[in-house]
Amino acid sequence: MRALCWRGQKNVAVERVPDPKILNPRDAIVRITTTAICGSDLHLYDGYIPTMKAGDILGHEFMGVVEETGRGVTHVRKGDRVVVPFTIACGGCFFCKRELYSACDNSNPNAEVADTAYGYGGSSLFGYSHMFGGYAGGQAEFARVPFADVGLFKVPAHLPDEKVLFLTDIFPTGYMAAENCNIHPGDTVAVWGCGPVGLFAIKSAFLLGAHRVIGIDYVEGRLRMARDLCGAEVVNFEKVDLYGWLDDKTGGRGPDACIDAVGMEAHGTNLAAVLDRVKAFAHLATDRPQALRQAIMACRKGGTVSIPGVYGGLLDKLPMGAAFGKGLTFKMGQTHVHKYVPKLLARIEKGEIDPSFLITHRYNLSDAAEAYHRFATQQDEYVKVVLKP
Amino acid sequence: MAATLLSVAAKSAAGRDSAVARAVDALPQVRTNLSSPERWVSLAAGGALFGLGFDGRGPGLLSCLAGTYLLYRAATGNCLAYQALGFSTSDATAPASVIAAEHGTRVEHVVTVMKPADQVYRFWRDFENLPRFMTHLVDVDTTTDGRSRWVAKGPLGLQVEWEAELLTDTPNRVIAWKSVDGSDVDTAGSVRFTDLPHGQGTEVRVELKYDPPGGKVGSAVARLFGENPDRQVREDLRRFKQILETGETPTTEGQPHGRR
């Protein structure tokens, strides 16, 4: 089959590789009908995630049709049309039973590595480095899905791929980020980063009852989408004094909740942001948390900082004094996708949201390397790229 | 210990059922039955006598022979006279434990499995299940009267085998076992099961002790080859939990990838 393989920093290529096989009784093989490039794939592309190996197949947003099932699979069968959460969960451990699926104990064959790095490692992810399990991803024609009874969700025939594809990651991720804000009627939520997760966080905050949502970015194309398609007030942080602007817009109190939908590769123009780049370059710190710093500083007293943006390692100059002084609540982590798929699928079926609004570009899988390059370099235009095998 | 290592090597090289293995098993056991101070005295006295035998001033051949015997006594910790009399001063053969406190390797780990204690106990109690999650085990056969035959991968690619007997077996609570006297490896283990309240599963606490062939040197060699006992037991328990909670152990062996 054809698959998009990681070759090194800023180097991916579509290669011919063997088809996946059933390796465990609870596995299924899915013939992929639509897949996408995620913003977090750019962290891999840019070489920020350790434990990658040349030849690793990328991709963790994919859906398709069940092609084959192992003898331990009972809830899905050949021919079922399914979406696949990007986190791999067993369904039987302490964490899965508490719906903390992205903390699954049993899906990572390299759990020891993750335990060493994080104290206790979380679940595996498709196509996202060996520390996170080393599972081949879904930017390919076929993928093997472990624990298929838990990790495959059937979708109704009348909903096209593009309406349900984002149930695999970014829609639940944006939704969980908003849910983590503990939104009350009348609340104002500020969202750093108007990429796909940020846009879904804006939509979700409104679905959950926020009165106003503010989108913050420096890419004009993305700010336009936040304003025109999601109903947010928007601000380009390069053109204003952000704290003053937010303070003014919230009557001198600050947003009730702040969402950092940017993560470890934040862009910024002030001195701290420039120092972050230097430190990351010199391996003195791994992440550049400029958006998170701003979110902490801007948030109102007693508010919530919700972090769907990915962080991997060590952060420098995080204003913990401000966080403590204001009594902030922090909520973060990989999305418990399995928990959200049924309820968000129901919202799509009822017509409350059509996630396909996000798609700006469509490529054939064979041209995926080109799509990566453009997605990484032309963020104004390229918001969401979908691939067809 | 050196004698044990040689015996294991010989059996491993010739095959477990070979004539060599049978002959090695038929040899009298070399048991440690001397205390450490006695071994040091033997070493000093043996060295002196051996030296005297060579420089021509002492009683010559007799002195060399006596010196050699004392050096053997020091090196192996075995006194033939004590053995003939069924007598031992060794701290390593105290009756309470197969392995003395200062000997061998001891590892303890704990894991919580989201299954009821009776199910977790039953899986472990069937010793033939152990090689499914203890990757250093090649095979365990249960025989009669609570005994079992264990075959493991040893250091330097050797295979080591021993027979174990049950010491304690309290259903859903505790299982303890030890290798029978005269085994190539002195080993003992126990596993305790604690049923947690509110459906929180079962805590499984495992304690393993073993004196590998080659003693501390053997375990140091084993470490060089990546067989860190502490890590080994931790990963074994992880697999144990995975099998009970999911029915399988996660893997990516055999999945496709591009050019490496």
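Residues numbered from 1 in each chain as written. Chains lettered and ligands numbered in written order. Predicted model: local features only at pLDDT ≥ 70, side-chain atom pairs only at ≥ 80, totals over all residues.

1. A look at the overall build of chain B
Keep this limit in mind: A helix here means a DSSP run of H or I that spans at least four residues, while a strand means a run of E at least two residues long, and both kinds are numbered starting from the N terminus. Buried means a residue has 20 or more other C-beta atoms within 10 Å of its own C-beta, exposed means 12 or fewer, and partly exposed covers the counts in between; C-beta atoms are placed from the backbone. We call two residues in contact when the distance between their C-beta atoms, placed using the backbone, is within 7 Å.
Across its full length, chain B carries 8 helices and 7 strands. Expressed as a percentage of its 260 residues, the buried residues of chain B come to 30%. A fraction of 54% describes how many contacts in chain B between residues 6 or more apart in sequence connect residues 24 or more apart.

2. Focus: the overall build of chain A
Helix and strand counts for chain A come out as 14 helices and 17 strands. Taken along the three principal axes of its C-alpha coordinates, chain A extends 60 × 50 × 40 Å. Here chain A, with 389 residues, has 54% of them falling under the buried criterion. By sequence separation, contacts in chain A at least 24 residues apart represent 73% of the contacts at least 6 residues apart.

3. Examining the sheet that holds strand β12 (residues 233–236) of chain A
Residues and elements named next belong to chain A. Filter applied, for reference: The pairing criterion for strands is at least two bridges between them, as found by DSSP. An axis is simply a line fitted to the C-alpha atoms; with a helix, the fit covers only the stretch in contact. Between two such axes, the angle follows the N-to-C directions and lies from 0 to 180 degrees.
In spatial order, the strands read β12-β11-β10-β13-β14-β15; together these 6 strands make up an open sheet with parallel pairing. For this open sheet the edge positions go to β12 and β15 (329–332), each flanked by a neighbour on one side alone. Strand after strand, the sheet turns through a mean of 20° between neighbouring axes, direction not considered. Across 5 bridges, the pairing between strand β10 (residues 188–192) and strand β11 (residues 212–217) is parallel. Of the residues in β11, the one forming a bridge with Val-191 is Gly-215. Packing against the sheet, helix α7 (residues 196–207) makes contact with β10, β11 and β13 (257–260), and its axis sits at approximately 170° to β11.

4. Here's the deal with the environment of Met-332 of chain A
All names here are of chain A. Tracing the backbone through its elements, the reader meets Met-332 in strand β15. Met-332 sits in the partly exposed class, given 16 other C-beta atoms within 10 Å. Residues Met-332 and Val-12, spaced 320 residues apart in sequence, show a C-alpha to C-alpha distance of 30 Å.

5. Quick word on helix α8 (residues 220–228) of chain A
Residues and elements named next belong to chain A. Defined as follows: Taking the helix axis as origin, the arc is that swept by the directions to the C-beta atoms.
All of the buried residues along α8 are Arg-222, Met-225 and Ala-226. End-on, the buried residues of α8 take up no more than an arc of 100°, which puts them together on one face. Projecting away from the buried face of α8 at angles above 90 degrees are the exposed residues Glu-220 and Asp-228. For α8, the elements touching its buried residues are α7, β11 and β12.

6. Side note on the packing of helix α6 (residues 170–179) of chain A against α7 of chain A
Angle between the axes and distance between the axes: these two values describe a pair of packed helices. All names here are of chain A. Basically, it comes down to this: Should an angle lie under 35 degrees it is considered roughly parallel, over 145 roughly antiparallel, and from 65 to 115 roughly perpendicular; all remaining angles are considered oblique. Put simply, a crossing is left-handed when the front helix is turned counterclockwise from the back one by less than a right angle, and right-handed when it is turned clockwise. For this classification, Asp, Glu, Lys and Arg are treated as charged, while Ala, Val, Leu, Ile, Met, Phe, Trp, Tyr, Cys and Pro are nonpolar and the rest, including Gly, are polar.
One way to put it is that α6 packs onto α7 with a least axis distance of 7 Å and a crossing angle of 55°. Between α6 and α7, the angle falls in the class oblique. Along this stretch, α6 crosses α7, giving a crossing that reads as right-handed. On the side of α6, the interface is formed by Ile-170, Phe-171, Thr-173, Gly-174, Tyr-175, Ala-177 and Ala-178, while α7 contributes Pro-196, Val-197, Phe-200, Ala-201, Lys-203, Ser-204 and Ala-205. Here the contact of α6 with α7 is built from residues that sort into 10 nonpolar, 3 polar and 1 charged.

7. Details of the sheet that holds strand β1 (residues 105–113) of chain B
Residue and element names in this part refer to chain B. One open sheet accounts for 7 strands, arranged β1-β7-β6-β5-β4-β3-β2; its pairing is antiparallel. The sheet is open, and its two borders are formed by β1 and β2 (137–142), each paired with just one other strand. Averaged over all pairs of adjacent strands, the angle between strand axes in this sheet comes to 20°, irrespective of strand direction. Each of β1, β5 (174–179), β6 (186–195) and β7 (202–211) is contacted by helix α6 (residues 117–125), which is oriented at about 165° to β6, the strand it contacts most.

8. Notes on the interface of chain B and chain A
Chain B puts 21 residues into the contact, and the matching count from chain A is 35 residues. A total of 5 residues in the side of chain B that touches chain A trace back to one element, the largest contributor, which is helix α8 (residues 229–246) of chain B. A breakdown of the residues in the side of chain B that touches chain A according to their chemical character gives 3 nonpolar, 11 polar and 7 charged.

9. Some words on the domain arrangement of chain A
Residue and element names in this part refer to chain A. Put simply, the rule reads: These domain limits were set by an automatic method or by a database of domain assignments.
The domain architecture assigned to chain A consists of domain 1 (2–169 + 335–388) and domain 2 (173–332). A separation of 26 Å is found between the C-alpha centroids of domain 1 and domain 2. Residue-level contacts link 20 residues of domain 1 with 19 residues of domain 2. Partitioning the side of domain 1 that touches domain 2 into residue classes produces 8 nonpolar, 6 polar and 6 charged.

10. Remarks on α7 of chain A
Residue and element names in this part refer to chain A. Put simply, the rule is: Here the expected span of a helix is defined as 1.5 Å times the quantity of residues minus one.
Taking 1.5 Å per residue as the helical rise, α7 with its 12 residues ought to reach 16 Å, and the 16 Å between its terminal C-alpha atoms agrees with that figure. Here α7 lies mainly inside the structure; 10 of its 12 residues are buried. Inspection of α7 places Pro-196, Val-197, Gly-198, Leu-199, Phe-200, Ala-201, Ile-202, Lys-203, Ser-204 and Ala-205 among the buried residues, and these make up the whole buried set. Of the surrounding secondary structure, the elements contacted by the buried residues of α7 are α6, β10, β11, α8 and β13.

11. Overview of unusual backbone geometry
All names here are of chain A. Although it is not a glycine, Thr-51 sits at a positive phi angle of roughly 60°. By the secondary structure assignment, Thr-51 is in the loop between α1 (41–45) and β4 (61–69). Residue classification places Thr-51 among the partly exposed residues on the basis of 15 C-beta atoms within 10 Å. With a phi close to 80°, Ser-129 is a non-glycine residue in the positive phi region. Mapped onto the secondary structure, Ser-129 falls in the loop between β7 (124–125) and β8 (142–145).

12. Describing the environment of Thr-246 of chain B
Assignment of secondary structure puts Thr-246 of chain B in helix α8. Not counting residues within four places of it along the chain, the set of residues in contact with Thr-246 of chain B comprises Cys-90, Gly-92, Asn-106 and Phe-147 of chain A.

13. Focus on the pairing of β15 of chain A
Residue and element names in this part refer to chain A. Put simply, the test is: A crossover gets the label right-handed when its path from the first strand over the helix to the second runs clockwise, viewed with the strands pointing away from the viewer.
Direction of pairing for strand β14 (residues 304–307) relative to β15: parallel, over a ladder of 4 bridges. Residue pairing in the sheet places Ile-307 in a bridge with Met-332 of β15. With respect to chirality, the unit in which β14 leads through helix α12 (residues 320–325) into the neighbouring parallel β15 is right-handed.

14. Digging into the packing of α6 of chain A against helix α13 (residues 337–349) of chain A
All names here are of chain A. Two numbers describe how α6 lies on α13: the axes approach to 9 Å, and their chain directions differ by 100°. With respect to their mutual orientation, α6 and α13 come out roughly perpendicular. Of the residues in α13, those in contact with Phe-171, Pro-172, Tyr-175 and Met-176 of α6 are Val-337, Tyr-340, Val-341 and Leu-344. Broken down by class, the residue content of the contact of α6 with α13 amounts to 8 nonpolar, no polar and no charged.

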